[in-house]
Amino acid sequence: MPLHVPPAPAPALRSVLAALSSPTAVRDARTPALQAAPGPLTPEMPLPLHTLDLVAPAGEAAAAGRAPRTRLTGWRFLIRSGDRAVAAADAMLTADGWAFSRFFEGPYLTATERALRQTESLTTPYQPRLLWVAELYMLALWLHEDTRDDAAEGALGPADILVPLAPAPPGIAAHRPHRVADLLPVIGLRLGAAPPLLRAPA
């Protein structure tokens, strides 16, 4: 797999490991698959979770010479039991540093695994990230071309690839790789009609 998986901050990983070792945290999570999983549970495939703060209407960003802004809001880990992911765990940045946020399962977990498997056919190395577009309630696997970038930083590059995860917004095909330069205008047009959705990525 031509992915250069960035290391997660040690405090973020520790917070997830502590939650996994807490029977209360696992029991209280709405994750039947996690609760029923046999054997040891391990957090793997750390993915930095970025939020897209600004998408200009089609053509405007390029005309102004501005790159869309993203900000790191968390780290997501796939929780594996044996050879399969049974849940995911998020660590979020708080005023006191990195802290465990939640366990979850559902369609975005399955879609993330599927998108990661799609990368096995790629020949160009990428740094994998997740990109959240709150206004469209859209989550995408972000394949960042510059594998040397700090995972907490780095703007969307025109040659980067976005793979929208299912369920994707109407008019945007899930699990179809798109160059950032091709997909951002589509997102910009969609944002012109989409009401803000104040929900966290699940």
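The rules we used
Residues numbered from 1 in each chain as written. Predicted model: local features only at pLDDT ≥ 70, side-chain atom pairs only at ≥ 80, totals over all residues. Heavy atoms only, no water. Helix = DSSP H or I, 4+ residues; strand = E, 2+ residues; numbered from the N terminus. Expected span 1.5 Å × (residues − 1). Buried < 20%, exposed > 50% of the residue type's maximum accessible area, 1.4 Å probe, protein only. Salt bridge = Lys/Arg side-chain N within 4 Å of Asp/Glu carboxyl O.

Asker: What is the right way to look at helix α5 (residues 107-118) in this model?
Answerer: When the terminal C-alpha atoms of α5 are compared, their 16 Å separation across 12 residues agrees well with the 16 Å that a helix rising 1.5 Å per residue should span. Among all positions of α5, only Tyr108, Leu109, Ala111, Thr112, Glu113, Ala115 and Leu116 are buried.

Asker: Help me understand unusual backbone geometry in this model?
Answerer: Keep in mind that most residues, glycine aside, have a negative phi and that most peptide bonds are trans. Cis geometry is found at the peptide bond from Ala166 to Pro167, where omega equals 0°. Residue position: Pro167 is located in the loop between β7 (161-164) and β8 (178-179). If you check the backbone angles, Tyr137 has positive phi at about 50° while not being a glycine. A positive phi is found at His175, a non-glycine position, where the angle reads about 65°. The buried category is assigned to His175, whose relative accessible area is 8%.

Asker: What's the story with the pattern of salt bridges in this structure? I'm lost.
Answerer: Charged atoms that come close allow side chains of opposite charge to pair. For the structure on display, the rule yields 5 salt bridges. Taking the shortest distance from any N to any O, the salt bridge between Asp90 and Arg102 comes out at 3.3 Å. Highlighted residues: Asp90 in strand β3 (residues 84-94) and Arg102 in strand β4 (residues 97-104), separated in sequence by 12 residues. What makes Arg102 partly exposed here is its relative accessible area of 22%. In this structure, Asp146 engages Arg148 in a salt bridge whose closest nitrogen and oxygen atoms are separated by 3.3 Å. On the basis of relative accessibility, which here comes to 27%, the residue Asp146 falls in the partly exposed class. The network of salt bridges with shared partners includes Glu44, Arg80 and Glu113.

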